[in-house]
Amino acid sequence: MSQIIFRLVNRSGVVRHGIRRFSAEASLAVKACTDGKAGVVVGIYQKELETEDPHLTPCAEIFNTKNDGKLLDLVRECRLTGELGKFKTFTAVDRDFGSVCVVGLGKQGAGYCEIEALEEGRENVRIAAGIGARQLRDFGCKTIYIDPMEYPEHAAEGSALAIWRYQEHKAPEKRGNIPKLELYESPDTDSWIRGLFKADAQNLARTLCEAPANQLTPTAFAQAAVDALCPCGVCVEVRNQEWIEAQKLNTFLTVAKSSCEPPLFLEINYNGDERGGAPIVLIGPGITFNSGGLCLTSPDEIAEQKAAMSGGASVVATIRAAAALSLPLNIVGVIPMCENMPSGMAYKPGDVITAQDGKTICIEDSSYAARTMLADIFLHCQTNYKPKMIIDVSVMSNDIAKTLGQAATGVFCSSEYLWEQVQKAGAVTGDRVWRLPLWNFFSREVKDYSHVDLCNKGTGQGQACMGAAFLREFVPCIDWMHFDVSATGLKKKTCNLRYLENGLMTGRPTRTIIQLLHQLACPDERLKSLVPVKNF
């Protein structure tokens, strides 16, 4: 049974408000009446005392005044308290909108919470805007106006992420509605558009991760990157296997030779710094399917490995956002693309390969393809691009899921300054990060072998840390940050982050990386003082 809020006018002209439970058929009839009409999402803050009304946001106040106080009357009658995420949808309230969704924002004035490592006020806006936008999307609205709720950028992010659908393979007549979003009653269009750009970037990463591996091959991924970036004025170069062999990227080729799909090396150049400063290099493995090779991934997890290229997807999406936002940075995106398959050409446990710097690597587990292929990629980037820092995003180890779940992305960082910046970025975007150690303890676990210099698995426990320790051997003298997205970059499986739908790819941590780059490009004194940082 659905609950529809309605208004009745009796014969004497007196307006009465009420709640009636309609059957599913009647609900569909009401929905059909609103199809094609605009809807509006407005927010209310949680009431502090039982006897008082919830506080309306400034834009909700405008809406309420425009309609002679009807909105607040309905809020009272439905006993909405403003609790975060609680909502009601009303029809026939305003002549300009077929429906209005009133969503709770939680307590007014929420700010940074040190325990949660989260800017709660902004995250509450994302949640409320996302819940409201999705409700009106499902209600048939073709255009949805969003109350900025005092944070228009974050309202844009939450609503745009919430209404996204992946339906490339559904029949056209069965595809769901994806409405247009508009800012309601606010002059701050710059912040709104900035939020839409960030959400659009994350949705691009989600779309790439959702694509089936038989269609999104390395070649198709490269074409998708060209289509997404070239219209933004970003230079994209696609290098073939012959070039990869000439560059002696042996660790990459070791993984790639297992598949009949040819490997590709994608180089993306965004030049936003007119002064010609050293670039930031973003690296994301584009393993369009990681079966585990001869160390086959378990059947209950293998289907999700089509998103082993989520790091590469985040790099493409981040650079598109950087171009849209005109960030004054030089960025080089590097995406080595291949498949890891269990063929007769697959590399085997016990194999020994040699990296560009002469280090020998014993392959103990072929499923750890990302760390294996990145060894020579790191060395190549340092030699050819002379970067001021390297940031890589990759699916590295399931161990990270056992420790952090999907609450935060694991980060390993060789620079205290970079860690402070990315922690602030995660607090602002709501897509949090958590620092894990790069101790020599873990380095010894991957180096303490009598017959080789390194092992791609290591001994003992702590695979996420040993994966980072392995990579660190190839970036010894440069600022470096590693995002392990083995949990956060795949399908959403949690009740949190309510603006992302369960069972779909998340596109994380795209917005956090965009925010990090924005902070590095445009230092903001207010942002520096926003989040207190502790040393770990």
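Residues numbered from 1 in each chain as written. Predicted model: local features only at pLDDT ≥ 70, side-chain atom pairs only at ≥ 80, totals over all residues. Heavy atoms only, no water.

Visitor: Sorry if this is basic, but what is going on with the overall build of the chain here?
Guide: Of the regular secondary structure elements, the chain holds 18 helices and 22 strands. Within the chain, the fraction of its 536 residues that count as buried is 58%. Expressed as a percentage of contacts within the chain between residues at least 6 apart in sequence, the contacts between residues at least 24 apart total 74%. For the chain, the exposed surface amounts to about 21900 Å²; the carbon and sulfur share of it is 50%. Taking the average location of the 57 positive side-chain charges in the chain and that of its 62 negative ones, the two points are 5 Å from each other. (Helix = DSSP H or I, 4+ residues; strand = E, 2+ residues; numbered from the N terminus. Buried < 20%, exposed > 50% of the residue type's maximum accessible area, 1.4 Å probe, protein only. Contact = heavy atoms within 4.5 Å. Areas by Shrake-Rupley, 256 points an atom, 1.4 Å probe, with all protein chains shown as cover. Lys, Arg positive; Asp, Glu negative; His and termini not counted. Charge placed at Lys NZ, Arg CZ, Asp CG, Glu CD.)

Visitor: How should I be thinking about the nonpolar core in this particular structure?
Guide: In globular proteins that are soluble, nonpolar side chains generally tend to be buried together. Counting 59 residues, the largest nonpolar core has Leu266, Ile268, Val316, Ile319, Met481 and Phe483 as its most contacted members. For this core, the element with the highest residue contribution is helix H11 (residues 310-324), accounting for 8 residues. Excluding residues within four positions of it along the chain, Val316 makes contact with Leu204, Phe221, Ala225, Ala228, Leu229, Ile268 and Ile335. With 52 residues, the next largest nonpolar core counts Val255, Val281, Val334 and Tyr347 among its residues. (Core = buried A, V, L, I, M, F, W, Y, C linked by side-chain atoms within 4.5 Å.)

Visitor: Please clarify how the packing of aromatic side chains should be interpreted in this entry.
Guide: How two aromatic rings sit relative to each other is set out by the distance from centre to centre and by the angle between their planes. Scanning the model with the defined rule gives 9 aromatic pairs in all. Ring plane angle 40 degrees and centroid distance 4.8 Å describe the contact between Trp243 and Phe265, whose orientation is recorded as tilted. On the criterion of sequence distance, the pair formed by Trp243 in helix H8 (residues 241-246) and Phe265 in strand E12 (residues 264-271) is long-range, its members being 22 residues apart. Among the aromatic side chains, those forming a connected cluster through ring pairs are Phe63, Phe97, Tyr145 and Tyr184. Over the ring of Phe474 we find Lys359, and its NZ or CZ is 5.7 Å from the ring centre. (Phe/Tyr/Trp six-rings, centres within 6.5 Å; stacked < 30°, edge-to-face > 60°. Lys NZ or Arg CZ within 6 Å of the ring centre and 35° of its normal.)

Visitor: Sorry, what's going on with H11 here?
Guide: One full turn of an α-helix is made of 3.6 residues, so residues set three or four places apart face in the same direction. With 15 residues, H11 should reach 21 Å at 1.5 Å per residue; the first-to-last C-alpha distance of 21 Å fits that figure. Most of H11 sits inside the fold, with 14 of its 15 residues counted as buried. Downstream of H11 by one or two residues, Ser326 has phi in the positive range, about 55 degrees. (Expected span 1.5 Å × (residues − 1).)

Visitor: In this structure, what is going on with the sheet that holds strand E17 (residues 360-362)? I would like to understand it.
Guide: In a beta sheet, neighbouring strands pair by backbone hydrogen bonds and run either parallel or antiparallel. Read across the sheet, 3 strands follow the order E16-E17-E21 without closing on themselves; strand pairing throughout is mixed. At either margin of the open sheet sits one strand with a lone partner, and together these are strand E16 (352-354) and strand E21 (454-455). In the sheet, E16 pairs with E17 via 3 bridges, with the strands oriented antiparallel. Directly across from Val352, in E17, lies its bridge partner Cys362. (Pairing = 2+ DSSP bridges.)

Visitor: In this structure, what is going on with the side chain of Arg508? I would like to understand it.
Guide: As for its placement among the helices and strands, Arg508 is situated in the loop between strand E22 (479-484) and helix H17 (510-521). A polar side-chain atom of Arg508 sits 2.9 Å from the main-chain carbonyl oxygen of Gln406. Side-chain polar atoms of Arg508 contact the side chain of Asp431, separated by 2.7 Å. With residues up to four places along the chain from it excluded, the contact list for Arg508 reads Gln202, Ser314, Gln406, Ala407, Ala408, Asp431, Val485, Thr488, Gly489, Leu497 and Leu500. (Polar contact = N/O pair within 3.5 Å; in protein donor to acceptor, adjacent residues only side chain to side chain.)

Visitor: Please clarify how the pattern of salt bridges should be interpreted in this entry.
Guide: Where side chains of opposite charge bring their charged atoms close, a pairing between them can arise. What the rule picks out here adds up to 27 salt bridges. Between Glu157 and Arg511 there is a salt bridge, with the nearest N and O atoms lying 3.0 Å from each other. Of this pair, Glu157 sits in helix H5 (residues 152-163) while Arg511 sits in helix H17, placing them 354 residues apart in sequence. In terms of burial, Glu157 and Arg511 fall into one category: buried. What you see here is one network of salt bridges that share partners, running through Arg134, Arg137, Asp138, Arg165 and Glu501. (Salt bridge = Lys/Arg side-chain N within 4 Å of Asp/Glu carboxyl O.)

Visitor: Where do I start with the packing of H11 against H17 in this structure?
Guide: At a closest axis distance of 9 Å, the pairing of H11 and H17 adopts a crossing angle of 45 degrees. As summarised for this structure, H11 and H17 are arranged oblique, according to the angle between their axes. Where H11 crosses over H17, the handedness of that crossing is right-handed. Where H11 approaches H17, its residues Ser314, Ala317, Thr318 and Ala321 are matched on the opposing element by Thr510, Ile513, Ile514 and Leu517. (Axes fitted to C-alpha atoms, helices over the stretch in contact; angles between N-to-C directions. Parallel < 35°, antiparallel > 145°, perpendicular 65-115°, else oblique. Left-handed = near helix turned anticlockwise from the far one by under 90°.)

Visitor: Quick question: what am I supposed to make of helix H16 (residues 463-472) here?
Guide: Buried residues dominate H16, accounting for 9 of its 10 residues. What H16 keeps buried is the set Gln463, Ala464, Cys465, Met466, Gly467, Ala468, Ala469, Phe470 and Leu471.

Visitor: Help me understand the pairing of strand E10 (residues 180-183), please; the structure alone is not making it clear to me.
Guide: Walk down a regular strand and you will see the side chains alternate between the two sheet faces. Every second residue of E10 is oriented toward a common face, the buried set being Leu181 and Leu183 and the non-buried set Lys180 and Glu182. Relative to E10, strand E9 (residues 143-146) runs parallel, the two sharing 4 bridges. In the sheet register, Ile144 faces E10, and the bridge partner there is Leu181. Assessed by its sense of winding, the connection that carries the chain from E9 through H5 to E10 is right-handed. (Right-handed = clockwise from strand over helix to strand, strands pointing away.)

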